[in-house]
Amino acid sequence: MSIFKATAVAPSTCDSIATICSGESCLAPSSDFNAVLSLVLSTVLTVMLAMVMFSMGCTVDANKLWGHIKKPWGIAIGFLCQFGIMPFTAFALSLAFNVLPVQAVVIIIMGCCPGGSGSNIICYWLDGDMDLSISMTACSSIMAMGMMPLCLLIYTTIWTSSDTIQIPYDSIGITLAALLIPIGVGMYVKRRWPHMAKKILKVGSIAGFGLIVIIAVVGGVLYQSSWTIAPSLWIIGTIYPFIGFGLGFLMARFTGQPWERCRTIALETGFQNSQLCSTIVQLSFSPAELEVMFAFPLIYSIFQLVVAVMSVGAYQAYKKSCDRGSSEADSECPALEDDESEKEKNYAIENSSFEFDDTGLCEEKGKHTDKSTEL
């Protein structure tokens, strides 16, 4: 009996991966499964995004792209929206909702980020100016290296020191390279093999739209523990993308831009690089501060996707209704043309004494001027 008792109270052996073992208390290293999964997914999604941007490059015309760079009216308007309207809107929303200082800082960081690659994909589905979209994304990423520190210095000093915010210039450079290199290859393919470029574009546009959805879902799953945050952040993350898209569109329209450029500038204004914002937040703040602020970039990315899907759905429905109306009008045109041709024939019969020569001058039949004939 005593043998059974001794066996029952004997301490269980520690796990083989335990680093410190004292009786029943064992200290095992924390699992890095989520970190490994995040790294793998980030790598896979980066490669997929590069392939999608390669397909988007198949729509770019080098001459038009160079024209936007030589006369950068659209780029200048996008610059004002990206680094003027968006940071100020973030600052105003933070004051209006009286959020915590660290929460105000993450909202402003999101507003100061350059445009994301997702805007180029959505621009294709909205029949925007792809050359302008890509040039704006590239220029905003380059100018962000100087404008982000300036905007953060202006708008965050009442809550924190700008020195505490670390801007990952290497991430901006990688994003820029992942944008420009595939697009350059796509432009070359379009120039050499235009028929192949059309097929690549058709596949890549669908894959790109699906990739945006996948990135949003993966981000929500990986960081699901961060969803418990203040309601004010939910409200700001919901309305902020709508404000960005709307103000960008109004600014473009106010400056007299055509409709396709208005849609493009609106997308480049509202679509922010939320991955860059997440990286800045992770580098700059402690784990305790991250608990109350880290979910905001995810919320913004989800609702900017919602705005994009709603815009694409509404625009495609509008196009189909216009195509249907034009097809119905075309079906009525043959009957109208027959009636008009019948009228023209009758009119020609009734006025058979007149006809037009090749010079468009009207001459009367039966009257020929002959110098040798005297009336």
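Rules used throughout
- Every chain begins its residue count from 1, and numbering advances along the sequence as written.
- Since the coordinates come from a predicted model, pLDDT governs what is reported: local features require at least 70, and pairs of side-chain atoms require 80 or more to be given and counted, while whole-chain, interface and lining totals use all residues.
- Water and hydrogen atoms play no part in the side-chain values, which are based on all heavy atoms of the structure.
- Secondary structure elements are defined from DSSP: runs of H or I of at least 4 residues count as helices, runs of E of at least 2 residues count as strands, and each element is numbered from the N terminus.
- Per-residue accessibility, obtained with a 1.4 Å probe over protein chains only, is compared with the maximum for each type, and a residue is labelled buried under 20%, exposed over 50%, and partly exposed between these values.
- By definition, residues are in contact when any of their heavy atoms lie within 4.5 Å.
- Where accessible areas are quoted, they stem from the Shrake-Rupley method and a 1.4 Å probe; at the residue level, only the protein chains shown are allowed to cover.
- Patches here are clusters of residues that have more than 30% relative accessible area and form no salt bridge, with a 9 Å joining cutoff for like charges and a 5 Å cutoff for nonpolar side chains (Val, Leu, Ile, Met, Phe, Trp, Tyr).
- We count a salt bridge whenever a side-chain nitrogen from Lys or Arg sits within 4 Å of a carboxyl oxygen from Asp or Glu.
- pLDDT is defined as a per-residue confidence score from the predictor, taking values between 0 and 100.
- Classification of ring pairs rests on two measures: the distance between centres of Phe, Tyr or Trp rings, Trp counted by its six-membered ring, which must be within 6.5 Å, and the angle between planes, read as stacked under 30 degrees, edge-to-face over 60 and tilted in between.
- As a reminder, the over-ring test applies to NZ of lysine and CZ of arginine, requiring each to be within 6 Å of the ring centre and within 35 degrees of the ring normal.
- To qualify as a nonpolar core, a set must consist of buried Ala, Val, Leu, Ile, Met, Phe, Trp, Tyr and Cys residues joined through side-chain atoms within 4.5 Å.
- Here, expected helix span is obtained from the residue count minus one, scaled by 1.5 Å.
- Each axis is a line fitted through C-alpha atoms, and for a helix only the stretch in contact is used; angles between axes span 0 to 180 degrees, taken between their N-to-C directions.
- Here is the rule for angles: anything less than 35 degrees is roughly parallel, anything more than 145 is roughly antiparallel, 65 through 115 is roughly perpendicular, and the remaining ranges are oblique.
- For any pair of crossing helices, the crossing counts as left-handed if the nearer helix is rotated counterclockwise from the farther one by less than a right angle, and right-handed if it is rotated clockwise.
- Think of it as three bins: nonpolar holds Ala, Val, Leu, Ile, Met, Phe, Trp, Tyr, Cys and Pro, charged holds Asp, Glu, Lys and Arg, and polar takes everything else, Gly as well.
- By disulfide we mean two sulfur atoms from cysteines, separated by a distance within 2.5 Å.

Student: So what's going on with the overall build of the chain? Residues and values would help.
Tutor: Helix and strand counts for the chain stand at 14 helices and four strands. Residue burial in the chain is summarised as follows: out of 375 residues, 38% are buried. The long-range fraction of contacts in the chain, counting pairs at least 24 apart against all pairs at least 6 apart in sequence, stands at 80%. As displayed, the chain offers around 21,600 Å² of accessible surface, 65% of which is attributable to carbon and sulfur atoms.

Student: Break down a nonpolar patch on the surface for me, citing the residues and quoting the values.
Tutor: Taken together, Leu 150, Leu 153 and Ile 154 make up a surface patch of nonpolar side chains, about 270 Å² in accessible area. Along the polypeptide, Ile 154 turns up in helix α7 (residues 130–155).

Student: I'd like a description of the confidence of the model for the chain, backed by residues and values.
Tutor: A residue-level look at the chain finds 71% of positions with pLDDT of 70 or above and a mean pLDDT of 75. Here residues 1–11 is modelled with pLDDT under 50, and outside its nearest four sequence neighbours on either side it reaches one contact, counting other chains as well. Note that pLDDT drops below 50 for residues 332–375; the model gives that stretch 14 contacts with residues more than four away or on any other chain.

Student: Go over the packing of aromatic side chains with me, naming the residues and quoting the values.
Tutor: For the structure on display, the rule yields nine aromatic pairs. For the ring pair Tyr 240 and Tyr 300, a centre distance of 5.3 Å and an interplane angle of 75° mean the geometry is edge-to-face. Note that Tyr 240 is positioned in helix α10 (residues 231–254) and Tyr 300 in helix α14 (residues 295–350), a separation of 60 residues in sequence. Residue Tyr 240 is classed as buried on the basis of its relative accessible area, which comes to 0%. Judged by relative accessible area, which is 0%, Tyr 300 ranks as buried. Pairwise contacts between aromatic rings join Phe 91, Tyr 155 and Trp 159 into one cluster. The lysine or arginine in question, Arg 192, covers the ring of Trp 193, its NZ or CZ lying 5.2 Å from the ring centre.

Student: I'd love a proper account of the nonpolar core, names of residues and values included.
Tutor: Counting residues in each nonpolar core, the largest one holds 42 residues, and the members touching the most others are Ile 107, Ile 109, Met 148, Val 281 and Phe 296. Contributing elements (two or more residues each) for this core: α4 (73–97), α5 (101–112), α7, α10, α12 (274–284) and α14. Among the elements that take part in this core, α5 stands out by supplying nine residues, more than any other. What Phe 296 contacts, discounting residues up to four positions off in sequence, is Val 106, Ile 107, Met 110, Leu 233, Ile 236, Gly 237 and Tyr 240. In terms of nonpolar packing, the next biggest core, distinct from the first, is built from 27 residues, Leu 65, Cys 123, Phe 245 and Val 307 among them.

Student: Any chance you could break down helix α11 (residues 259–270) for me, citing the residues and the numbers?
Tutor: A rise of 1.5 Å per residue sets the reference length of α11, with its twelve residues, at 16 Å; its end C-alpha atoms lie 17 Å apart and thus fit the reference within 8%. Within the span of α11, buried status applies to Cys 262, Arg 263, Thr 264, Ile 265, Ala 266, Leu 267, Glu 268, Thr 269 and Gly 270.

Student: Explain the packing of helix α3 (residues 62–70) against α7 to me, and be specific about the residues and the numbers.
Tutor: For the pair α3 and α7, the least separation of the axes is 9 Å and the interaxial angle reads 55°. Here α3 is positioned oblique relative to α7, judged by the angle of their axes. Like other packed secondary-structure pairs, α3 and α7 cross with a definite hand, here right-handed. Only Asp 131, Leu 132 and Ser 135 of α7 make contact with α3, whose side of the interface consists of Lys 64, Leu 65 and His 68. Here the contact of α3 with α7 is composed, by residue class, of two nonpolar, two polar and two charged.

Student: Could you give me a rundown of the pattern of salt bridges, with the residues and numbers involved?
Tutor: Enumeration over the complete set of coordinates arrives at two salt bridges. A salt bridge links Asp 127 to Lys 319; the shortest N-O distance between them is 3.0 Å. Of the two residues, Asp 127 sits in the loop between α6 (118–125) and α7 while Lys 319 sits in helix α14, which places them 192 residues apart along the sequence. Taking the shortest distance from any N to any O, the salt bridge between Asp 129 and Arg 261 comes out at 3.6 Å. In this pair, Asp 129 sits in the loop between α6 and α7 while Arg 261 sits in helix α11, placing the two residues 132 residues apart along the sequence.

Student: Give a detailed account of the environment of Ile 121, specifying residues and quantitative values.
Tutor: In this fold, Ile 121 is placed in helix α6. Look at Ile 121 and you get buried, because its relative accessible area is 1%. For the pair Ile 121 and Phe 209, spaced 88 residues apart in the sequence, the C-alpha separation amounts to 6.6 Å. In this structure, Ile 121 is in contact with Val 52, Met 56, Ser 205, Gly 208, Phe 209 and Ile 212, ignoring residues within four places of it in sequence.

Student: So, unusual backbone geometry: which residues are in play, and what are the values?
Tutor: One non-glycine residue, Asn 98, lies in the positive phi region at around 50°. Its location among the elements puts Asn 98 in the loop between α4 and α5. When its relative accessible area of 68% is taken as the criterion, Asn 98 is described as exposed. Here the phi dihedral of Asp 127 falls at roughly 55°; this positive angle occurs in a residue that is not glycine.

Student: Hey, could you go over the state of the cysteines for me, with residue numbers and the actual values?
Tutor: Per the stated rule, a full pass over the model turns up zero disulfides. Looking at Cys 151, it has no disulfide partner, and the nearest cysteine sulfur is the one in Cys 112, 4.6 Å off.

Student: Give me the lowdown on the side chain of Ser 284, citing residues and values where you can.
Tutor: With respect to the secondary-structure elements, Ser 284 resides in helix α12. In this structure Ser 284 comes out as buried when scored by relative accessible area, which is 13%. Discounting chain neighbours no more than four positions away, the residues touching Ser 284 are Thr 164, Ile 165 and Gln 166.

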